[in-house]
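This is what each chain is made of:
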Amino acid sequence: MNFSGSIVRQLRWLGVAPALLMLGLLLLALTWQRFGDAEEELNGRGVFMSRYLAAASEYGVISGSQDELEHQARLALQHTDVRLVIFRDQDGEVLLRRDAGGETEIGDPDLRRFRSAIYRQPMLAAGMFDGVDNAEQPAPERIGHVELYLSSASLVTRQREILLATLMPALIAMLAGLAFSSQLARRLSQPITELSRLVQQIRGGDYQARGVLPLRAELGALQSDINQLAVELERSRREQERAMDALRDARQRAESASQAKSEFLAMMSHELRTPMNGVMGMLQLLDGTMLDPRQREYARAALDSTAHLLDVINDILDFSRVESGRLELEYLYFPLFELVESCVANFRYLATQKGLQLRLVGVGSDADLQICADPTRLRQIIANLISNAVKFTEHGEVRVQLELIEQRNERLSLSLTVADTGIGIPQEKLPQLFDAFSQVDSSTTRRFGGTGLGLAIAQRLTRLLGGVLEVESAPGQGTSFTARFVFPMRREAEALPAWDDAEALPLLDGDVLLVEDNEVNRMVAEHMLHAAGLRVTCAGNGEEALQFLAQQRFDCVLMDVQMPVMDGMEAVRRYREHERVNQTGHLPIIALTANALTGERERCLAAGMDDYLAKPFQRRKLLSLLARYLPSSGQ
Ligand code: ATP
Ligand code: MG
């Protein structure tokens, strides 16, 4: 098929088809008319002949001359169409009947009957030729009639001739018109169908598909546009693939960088916390010995600095954990007022030292009200806000206000405001306030200390707990931070475990195996345990620990995780297997690890540890934990 024509040129031919159809119809109309003409002609001839015969046979009827009638009949029968002639008298009696051939059947549908009356013409009256017109004319008398039967065979022949002459060309014209129009339609639609198929192929993602039809003019231009489009799409797909590859690479790099970062953090945390544990433990022990006032002052200062350093390390770790989405919240019900009160109480000493009034307002004595949240993180938020308020206020007061806004369907919406009368924050600094490591005035770093992480952590933790943290401030007048939350709530008096209260911690009784490779840490823990009334055996690694466990009975094991020769995890796994095989009772084993990152606790528990304590730990925490597994000595 050649699609080389222009659509416009082809459309011009569109007129030919209806023209041919019209011609066909015209010819049909003509045929119809000629059919009518032939019919009329036959009728006319029949009427004329019957009248003529009636007039000519007057004498024969009057005279009763059979010969005369015979003569007239023969004359009529000379016309090939005339098949039968019958003369009848006035009463309808047949006077003469003559057939063209054999006996003609009168009811034959091929015969047309023409009937004409035979009249006796009156004699001419006297005076008729005198120009006198007043004589009365007598009416002609009907004396019979003639019946003439004409065959319509000639009419049929004639009609067939007409049919052949006009209907055939009409049909041919119409068929030609139809064939032409369908051919034209095909010529127009086929390339469009092909192009539409091409577009569908491209739309389906096959950008290699190209139109190769021999098209010119508009369709040719359309085909080359579609081909161009396919080329462009193919190119942009390649570019997109390249960009996706680059993105994938970048993501992989970022992921491995973030992996490296978290590994670095884990390592740093371990490396920093282990010696910190030693330093803090030793300083605590030193503080408990006989010291002269100056030595005690030095020891306390060293303890303060160590605690501060530990805070900074913890802040950096917390921030990294929140940022990488690795911070897991621990939801539990706890008394809300008690938590806020104890947070405020922690800063009372510091505030008093600075001559500030630290007030807690809006808190009733509803000790039964419990909310479900992560108490450690909520405490961290409040502590960061109060710490800033106290830090950046020289005179006046720090006000902590807890407001219960609405209780509905076991959900409590509350706001917690920490407002101060301190130095305030300029309006233009507020937008960056919650960015990490940002401080309003770098000189404050020197004056007040800090790393600029407190608010960044507080804001991210607030968000994690589903709340918002807002700030309002006026330089020189004070600042107010408000955190708003909605927490599930209940009312239930629930006593906290006794061991959470350092004052109520009893002296303990039992044999403890302390497994720790770091000598200083071992000494610190050993002293703490001895001071709590426990008997302590020390091992330097997992293998040694297993040897001790094989020889001696212990009530509890404190197991460091990272150790040379055999680490704590492996030692615990082996000991649990030994317990299972020998059906000995369950020995409580507590992991001591400097790796405070998320997931460490789960790994320890999965290895068979009963509990987990992050280093550096405080004496109170260690003993609280041990109190769960060991009996008190009763003293
Ligand atoms: P860090 O909290 O890490 O020890 P920081 O207190 O300096 O250090 P943020 O708690 O993040 O860091 O606070 C950031 C900065 O916002 C502060 O350095 C201080 O300039 C300003 N700021 C925060 N709270 C107040 C406040 N109550 N009054 C005045 N300025 C404040
Ligand atoms: Mg701060």
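So, a few notes on the structure that sits alongside this text. Residue positions are counted from 1 within each chain, in the order its sequence is given. Each chain takes a letter, starting from A, and each ligand takes a number, starting from 1, following the order in which they are written. Residues qualify for local features only when their pLDDT is at least 70, as the model is predicted, and side-chain atom pairs are given and counted only at 80 or more; totals for whole chains, interfaces and linings, by contrast, use all residues. Here the side-chain values reflect all heavy atoms present in the structure, with hydrogen atoms and water set aside.

1. Some words on the overall build of the protein chain
Then, number 1: Only DSSP runs of H or I with at least four residues qualify as helices, and only runs of E with at least two residues qualify as strands; both kinds are numbered from the N terminus onward. Within the protein chain, the secondary structure is distributed over 16 helices and 16 strands.
Then, number 2: Each residue gets one of three labels from its accessible area relative to the maximum for its type: buried under 20%, exposed over 50%, partly exposed in between, using a 1.4 Å probe on protein chains only. Within the protein chain, buried positions represent 39% of all 635 residues.
Then, number 3: Contacts are assigned to residue pairs that have any heavy atoms within 4.5 Å of one another. Taking the intrachain contacts of the protein chain between residues at least 6 apart in sequence as the baseline, contacts between residues at least 24 apart amount to 71%.
Then, number 4: Accessibility throughout is a Shrake-Rupley quantity obtained with a 1.4 Å probe, and a residue counts as covered only by protein chains that appear here. Surface exposure of the protein chain reaches about 35,700 Å², of which carbon and sulfur atoms provide 53%.

2. Examining the side chain of Asp287
Then, number 1: Its location among the elements puts Asp287 in helix 6 (residues 217–287).
Then, number 2: Residue class for Asp287 comes out buried when judged on its relative accessible area of 18%.
Then, number 3: Ignoring any residue separated from it by four or fewer positions in sequence, one finds Asp287 in contact with Arg296, Arg300 and Leu303.

3. Brief notes about the sheet that holds strand 2 (residues 94–99)
Then, number 1: Any two strands between which DSSP finds at least two bridges are classified as paired. Taken together, 4 strands build an open sheet; the order of strands is 2-1-4-3 and the sheet is antiparallel. Across the chains shown, the open sheet's two edge strands, defined by having one partner strand only, are strand 2 and strand 3 (111–120). Across the sheet, the axes of successive neighbouring strands diverge by a mean angle of 15°, strand direction being ignored.
Then, number 2: Relative to strand 2, strand 1 (residues 82–89) runs antiparallel, the two sharing 5 bridges. Following the sheet pairing, Val85 is matched in strand 2 by Arg98.
Then, number 3: Interaxial angles span 0 to 180 degrees and are taken between N-to-C directions of axes, which are lines fitted to C-alpha atoms, for helices over the stretch in contact. Each of strand 1, strand 3 and strand 4 (141–151) is contacted by helix 2 (residues 16–56), which is oriented at about 30° to strand 3, the strand it contacts most.

4. Thoughts on the nonpolar core
Then, number 1: If you look at the biggest cluster of nonpolar residues, it comprises 49 residues, and the most contacted ones within it are Leu336, Ile371, Leu378, Ile386 and Phe481.
Then, number 2: The element that contributes the greatest number of residues to this core is helix 8 (residues 336–353), accounting for 8 residues.
Then, number 3: Ignoring anything within four residues of it in the chain, the contact list for Leu336 reads Leu369, Ile371, Leu378, Leu402, Leu404, Leu412 and Leu414.
Then, number 4: Within this scheme, the nonpolar core is defined by two criteria: the residues are buried Ala, Val, Leu, Ile, Met, Phe, Trp, Tyr or Cys, and they are joined through side-chain atoms within 4.5 Å. If you look at the next biggest cluster of nonpolar residues, it comprises 23 residues, including Leu546, Val561, Ala591 and Tyr612.

5. Regarding the site of ligand 1
Then, number 1: Around ligand 1 there are 20 residues in total, and Asn388, Asp420, Gln439, Leu453 and Leu455 lie nearest to it.
Then, number 2: One nitrogen or oxygen atom from the side chain of Lys391 is found 2.9 Å from an oxygen atom belonging to ligand 1.
Then, number 3: In the complex, 95% of the free accessible area of ligand 1, which totals 590 Å², lies under the protein chains.
Then, number 4: For the shell around ligand 1, the secondary structure elements donating two or more residues are helix 9 (375–391), helix 11 (454–464) and strand 11 (478–491).
Then, number 5: With 3 residues, the top contributor of residues to the shell around ligand 1 is helix 9.
Then, number 6: Looking at the shell around ligand 1 residue by residue, the classes come out as 9 nonpolar, 9 polar and 2 charged. One heavy atom within 4 Å of a molecule or strand makes the whole residue count as near it. N or O atoms closer than or at 3.5 Å make up a polar contact, with two conditions inside protein: a donor-capable atom paired with an acceptor-capable one, and, for residues adjacent in sequence, both atoms drawn from side chains. For this scheme, ten residues count as nonpolar: Ala, Val, Leu, Ile, Met, Phe, Trp, Tyr, Cys and Pro. Four count as charged, namely Asp, Glu, Lys and Arg, and the remainder, Gly too, count as polar.

6. Here we look at the environment of Thr352
Then, number 1: By the element assignment, Thr352 lies in helix 8.
Then, number 2: Taking the relative accessible area as the measure of exposure, Thr352 reaches 55% and is therefore exposed.

7. Points about the packing of helix 9 against helix 11
Then, number 1: At their nearest, the axes of helix 9 and helix 11 sit 9 Å apart, and the two run at 145° to each other. Remark: the crossing between helix 9 and helix 11 carries left-handed chirality. On helix 11, the residues touching Arg377, Gln380, Ile381, Asn384, Leu385 and Asn388 of helix 9 are Gly454, Leu455, Ile457, Ala458, Leu461 and Thr462.
Then, number 2: In terms of residue class, the contact of helix 9 with helix 11 is made up of 6 nonpolar, 5 polar and 1 charged. Handedness of a helix crossing follows the sense of rotation of the near helix relative to the far helix, less than a right angle counterclockwise being left-handed and clockwise being right-handed.

8. Description of the sheet that holds strand 16 (residues 611–614)
Then, number 1: The parallel open sheet is built from 5 strands, whose spatial order is 13-12-14-15-16. The open sheet has two edge strands with one neighbour each: strand 13 (535–539) and strand 16. Recorded for the sheet is a direction-independent mean angle of 20° between the axes of neighbouring strands.
Then, number 2: Two elements, strand 14 (residues 556–560) and strand 15 (residues 589–593), share 4 bridges in a ladder whose sense is parallel. Opposite Val557, over in strand 15, you have Ile589 as the bridge partner.
Then, number 3: Across the sheet, helix 14 (residues 568–582) is in contact with strand 14 and strand 15; its angle to strand 14 comes to roughly 145°.

9. A word on the pairing of strand 9 (residues 411–420)
Then, number 1: A large share of strand 9 lies buried, amounting to 9 of its 10 residues.
Then, number 2: Note that strand 8 (residues 397–408) and strand 9 share 10 bridges and pair antiparallel. The residue bridging Gln407 from the neighbouring strand is Leu412, located in strand 9.
Then, number 3: Linking two consecutive strands that pair antiparallel, namely strand 8 and strand 9, is a turn of 2 residues; a positive phi of about 50° is found at Asn409 within it.
Then, number 4: Pairing of strand 9 with strand 11 involves 9 bridges; the strand directions are antiparallel. The partner of Val418 across the bridge, within strand 11, is Phe481.

10. Remarks on the side chain of Glu397
Then, number 1: Following the sequence through the fold, Glu397 ends up in strand 8.
Then, number 2: A polar contact of 2.8 Å, which involves the side chain of Glu397, links it to the side chain of Arg359.
Then, number 3: Excluding residues that lie within four positions of it along the chain, Glu397 makes contacts with Gln357, Arg359, Ala419, Asp420 and Thr421.

11. Regarding a negative patch on the surface
Then, number 1: Residues enter a patch when their relative accessible area is above 30% and they make no salt bridge; the linking distance is 9 Å between like charges and 5 Å between nonpolar side chains (Val, Leu, Ile, Met, Phe, Trp, Tyr). Basic side-chain nitrogens of Lys or Arg form a salt bridge, by our definition, when they fall within 4 Å of a carboxyl oxygen of Asp or Glu. As used throughout, the charge tally considers Lys and Arg to be positive and Asp and Glu to be negative, leaving His and the chain termini uncounted. Charge positions are represented by NZ for Lys, CZ for Arg, CG for Asp and CD for Glu. Together, Glu103, Glu105, Asp108 and Asp110 make up a negatively charged patch on the protein surface.
Then, number 2: By relative accessible area, Glu105 is classed as exposed at 59%.

12. Quick look at the pattern of salt bridges
Then, number 1: Summed over all chains, the structure comprises 28 salt bridges.
Then, number 2: Its salt-bridge partner being Arg45, residue Asp81 comes within 2.4 Å of it at the nearest N-O pair. One end of the pair, Asp81, is in the loop between helix 4 (66–77) and strand 1; the other, Arg45, is in helix 2, with 36 residues separating them in the sequence.
Then, number 3: With a relative accessible area of 30%, Arg45 lands in the partly exposed category.
Then, number 4: Measuring nitrogen to oxygen at the nearest pair gives 3.0 Å for the salt bridge that ties Arg553 to Asp555.
Then, number 5: What makes Arg553 exposed here is its relative accessible area of 56%.
Then, number 6: Taken together, the shared-partner salt bridges connect Arg88, Arg113, Arg115 and Glu147 into one network.

13. Some thoughts on a nonpolar patch on the surface
Then, number 1: A cluster of nonpolar side chains, namely Leu164, Met168, Leu171 and Ile172, defines an oily patch on the protein surface of about 400 Å² accessible area.
Then, number 2: Inspection of the secondary structure assignment puts Leu164 in helix 5 (residues 153–203).

14. Examining the packing of helix 2 against helix 5
Then, number 1: Following both chains from N to C, one finds helix 2 and helix 5 inclined at 170°, their axes separated by 7 Å at the closest point. When the interaxial angle is binned, helix 2 and helix 5 end up roughly antiparallel.
Then, number 2: A class-by-class count of the residues in the contact of helix 2 with helix 5 yields 22 nonpolar, 7 polar and 4 charged. Roughly parallel covers angles under 35 degrees, roughly antiparallel covers those over 145, roughly perpendicular covers 65 to 115, and oblique covers all other angles.

15. Regarding helix 9
Then, number 1: Multiplying 1.5 Å by the helix residue count minus one yields the expected span of that helix. For helix 9, which comprises 17 residues, the first-to-last C-alpha distance of 24 Å matches the rise-based estimate of 24 Å (1.5 Å per residue) to within 8%.
Then, number 2: Taken across its 17 residues, helix 9 has 12 buried, putting it largely inside the fold.
Then, number 3: Along helix 9, the residues classified as buried are Pro375, Arg377, Leu378, Gln380, Ile381, Ile382, Asn384, Leu385, Ile386, Asn388, Ala389 and Val390.
Then, number 4: The N-capping residue of helix 9, defined by a side-chain oxygen 3.1 Å from the backbone nitrogen of Thr376, is Asp374.

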